[in-house]
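# Fold and contact review
What follows is the residue order along each chain.
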Amino acid sequence: MTNIFEYAPAPESRAIVDIKPSYGLFINGEFVDGNGTSFKTVNPATEEVLAEVAEATDADVDEAVKAARRAYTRVWSRMSGAERAKYLYRIARIIQERGRELAVLESIDNGKPIKESRDVDVPIVAAHFFYYAGWADKLKYSGYGETPLGVAGQVIPWNFPLLMLAWKIAPALACGNTVVLKPAETTPLTALLFAEICQQADLPPGVVNIVTGAGDTGRAIVSHPDVDKVAFTGSTEVGKAIARAVAGSDKKVTLELGGKAANIVFDDAPLDQAVEGIVNGIFFNQGHVCCAGSRLLVQESVADEVMDRLKRRMATLRVGDPLDKNTDVGAINSAEQLAKIRELSQVGEDEGAERWSAPCDLPANGYWFAPTVFTGVSQAHRIAREEIFGPVLSVLTFRTPSEAVEKANNTPFGLSAGVWTDKGSRILSMANRLRAGVVWANTFNKFDPTSPFGGYKESGYGREGGRHGLEAYLKGADA
Ligand code: NAD
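The residue count restarts for each chain, going from 1 along the sequence in the order it is written. In keeping with the predicted nature of the model, local features appear solely for residues at pLDDT of at least 70, side-chain atom pairs appear and are counted solely at 80 or more, and the whole-chain, interface and lining totals rest on all residues. Only hydrogens and water are removed before side-chain values are computed, so all heavy atoms of the structure are retained for them.

## So, the packing of helix 3 (residues 99–110) against helix 4 (residues 114–135)
Between two packed helices, the angle of one axis relative to the other and the distance separating the axes together describe the packing. To be explicit about the condition: Convention adopted: a line fitted to C-alpha atoms gives each axis, helices being fitted over their contacting stretch, and angles between N-to-C directions are expressed from 0 to 180 degrees. Numbering of helices and strands runs from the N terminus, with a helix taken as a DSSP run of H or I at least four residues long and a strand as a DSSP run of E at least two residues long. Geometric relationships in this document are graded by angle, where less than 35 degrees denotes roughly parallel, more than 145 denotes roughly antiparallel, 65 to 115 denotes roughly perpendicular, and other angles denote oblique. Should the near helix be turned anticlockwise from the far one by less than a right angle, the crossing is left-handed, and should it be turned clockwise, the crossing is right-handed. Should any heavy atoms of two residues lie within 4.5 Å, those residues are considered in contact. Three classes are used: nonpolar for Ala, Val, Leu, Ile, Met, Phe, Trp, Tyr, Cys and Pro, charged for Asp, Glu, Lys and Arg, and polar for all others, with Gly counted as polar.
Where helix 3 meets helix 4, the axes come as close as 9 Å, and the angle between the chain directions of the two elements is 125°. Looking at the two axes, helix 3 sits oblique to helix 4. When the axes of helix 3 and helix 4 are compared, the crossing they make is right-handed. When helix 3 is examined against helix 4, the residues Gly99, Leu102, Ala103, Val104, Glu106 and Ser107 are found in contact with a partner set consisting of Ile114, Ser117, Arg118 and Val122. A class-by-class count of the residues in the contact of helix 3 with helix 4 yields five nonpolar, three polar and two charged.

Below you can see the structure in the form of structure tokens.
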């Protein structure tokens, strides 16, 4: 007789996606071969090669920029905002209609659990296009003028491939710019499916161009002389290189970079909810989240209790097949990222912090890392200072609100923070003193297209989302 508690997986079918053996570049509304070689994209949960993808050369990037420039001057910047909005609404609706396909493909190429790609990424992607479609004919009320910049060169990372694409493309198009976008080399497939969606929406050729490739392709985009605007999301290291590359040019730049967020739990917080928030803060998307709550600051009087409850909760996390609807934590996106997480975790042990990993069976193939927590961490430890970008939490304690603020702000980053407390007045005073672009109160990792997102210090500059997100793509009120 079978044990009624035996685990029964509930895998989503991958039959809905049609992955082609090879992909070209999407330039001027068509898929073209390009002049370069190709690279492989793999499923990080199985190491299966999914497809060969074209590596765009400087000449290909030049073609894409030319197509974007033509579309900008001849069509897109001349169109009324109301007309542009129709295309954006159409794209948003197609994203909803093809939502399952997008979610399954995202989980296969990225490794994230289907319940996240299906319930978080894809719905917010559609919402972002709906939201900015609404702005396209109302730019005169934006406060940033109505004049677009021209051609936007956009480079995005692998942690939220489709969501980062939406954050970049939706406001750019709404404001009348055209774009050349490069997805990350480990996750190009949903951007290429998005290119098909642009064709399906009859978007005029050249308004959106997708060029695939690695760092060299990204460099060719950001340094192209006919690109008016550079929008980059990725590591602080590459962000600094881009800032140096465009210095002295008149390109407008926004940089969304790394983070090392503090998630601060006071002793009056509802602890079970706080534990859910801690888990969501660091294990959502395998911790591959720029605003992940990777530093838990817990008030000393409740530290032991929080740690007991947290470990109990972590032991129930289901790690495994991203397409299983029960999976909480999927695969690490690449072998390189797994090596980085392992290395920094080893440093944590060597520096004397105490490591605890959730007991779970990891699949034999693919890239996996068990949800892990380090206690006994001090401010000087590298695991408290550097972005791990994986499912690894560092725990520090504090006694007073001022100590919490001081520790939270003691970082080169300033992207996000969380505060857990019963007192509204404490939330407000903490939010005012925390040097972070987003402060969540009694929740974490909540995103909405109406709300601006962005950082301070080494987390970058500029905002994406909301009315503020329009500023990056308009010339300004006096233009
Ligand atoms: P990465 O910087 O290595 O790569 C990001 C993108 O830049 C990729 O498409 C890559 O091919 C490209 N690139 C690499 N070198 C380049 C160069 N010299 N010029 C132009 N483009 C270049 O980052 P990653 O490892 O893909 O992503 C993880 C990082 O992204 C983390 O640090 C994370 O915090 C950050 N991130 C930030 C946000 C945010 O909104 N602040 C959001 C998501 C991720």
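## What to know about the pattern of salt bridges
The criterion, for reference: The salt bridge definition used is simple: a Lys or Arg side-chain nitrogen within 4 Å of an Asp or Glu carboxyl oxygen. Whether a residue is buried, partly exposed or exposed follows from its accessible area with a 1.4 Å probe, protein chains only, as a fraction of its type maximum: under 20%, in between, or over 50%, in that order.
The full count for this structure, using the stated rule, is 27 salt bridges. When the shortest N-O distance is used, the salt bridge between Asp121 and Lys112 registers 2.6 Å. Here Asp121 falls in the buried class, since its relative accessible area comes to 1%. Ionic pairing is found between Arg399 and Glu300, a salt bridge with its closest N-O pair at 3.1 Å. In this pair, Arg399 is assigned in the loop between strand 15 (392–398) and helix 13 (401–409) and Glu300 in the loop between strand 12 (295–299) and helix 10 (303–314), connecting sequence segments 99 residues apart. Owing to a relative accessible area of 56%, Arg399 belongs among the exposed residues under this scheme. Members of the salt-bridge network, linked through shared partners, are Lys20, Arg98, Glu101 and Glu196.

## Details of helix 13
Listed as buried for helix 13 are Ala404, Val405, Lys407 and Ala408. Where helix 13 is buried, its residues meet strand 11 (262–265), strand 12, strand 15 and helix 14 (424–433).

## Quick word on the site of the ligand
The condition is simple: Residues are counted as near a molecule or strand when any one of their heavy atoms sits within 4 Å of it. Here a polar contact is taken to be a pair of N or O atoms separated by no more than 3.5 Å, where protein atoms must pair a possible hydrogen donor with a possible acceptor and residues adjacent in sequence count only if both atoms sit in side chains. All accessible-area figures derive from a Shrake-Rupley calculation using a 1.4 Å probe, and residue coverage is judged against the displayed protein chains alone. Start and end points for every domain follow an automatic or database-based domain assignment.
Residues in contact with the ligand amount to 28 residues; listed here are only the nearest, Ile156, Glu185, Ser235, Leu257 and Glu387. Separating an oxygen atom of the ligand from a backbone N or O atom of Ile156 is a distance of 2.8 Å. Between the ligand and Gly234, the relevant distance is 3.2 Å, taken from an oxygen atom to a main-chain nitrogen or oxygen of the residue. With the chains in place, 91% of the 850 Å² that the ligand exposes on its own is no longer accessible. Among the elements that line the shell around the ligand, the one with the most residues is helix 7 (residues 215–222), at three residues. Looking at the shell around the ligand, its residues break down into 16 nonpolar, seven polar and five charged. When residues of the shell around the ligand are assigned to domains, at least three map to each of domain 1 (22–257 + 459–471) and domain 2 (262–448).

## Quick look at the nonpolar core
What counts, and what does not: For the purposes of this section, nonpolar cores are sets of buried Ala, Val, Leu, Ile, Met, Phe, Trp, Tyr and Cys residues that join through side-chain atoms within 4.5 Å.
Membership of the largest hydrophobic core comes to 110 residues, with the highest contact counts inside it found for Ile95, Phe129, Val208 and Leu310. Looking at this core element by element, the count peaks at eleven residues for helix 5 (residues 161–174). Residue assignment places this core across two domains, with domain 1 (22–257 + 459–471) and domain 2 (262–448) each supplying three or more. Apart from the residues lying within four places of it in its own chain, the contact partners of Val208 are Phe26, Ile169, Leu173, Val179, Phe194, Cys198 and Leu203. Formed by 28 residues, the second largest nonpolar core is a distinct cluster that contains Ala262, Ile264, Phe369 and Leu434.

## Details of the domain arrangement of the protein
What counts here: As a working definition, buried area equals the accessible area (1.4 Å probe) given up by two parts on being put together, with both sides summed.
For the protein, the domain assignment lists domain 1 (22–257 + 459–471) and domain 2 (262–448). Distance between the C-alpha centres of domain 1 and domain 2: 30 Å. Tallying the contact residues gives 29 residues for domain 1 and 30 residues for domain 2. For the domain 1 and domain 2 pair, buried surface summed over both sides reaches about 2,500 Å², with 60% attributable to carbon and sulfur atoms. Here domain 1 is connected to domain 2 by one salt bridge. For Lys115, the salt bridge identified is with Asp328, shortest N-O distance 2.5 Å. Our count for the contact surface shared by domain 1 and domain 2 stands at 13 residue pairs in polar contact (both at pLDDT 80 or more). Every element with two or more residues in the side of domain 1 that touches domain 2 is listed here: helix 3 and helix 4. Counting residues per element, the side of domain 1 that touches domain 2 draws most heavily on helix 4, at six residues. Grouping the constituent residues of the side of domain 1 that touches domain 2 by class yields 13 nonpolar, nine polar and seven charged.

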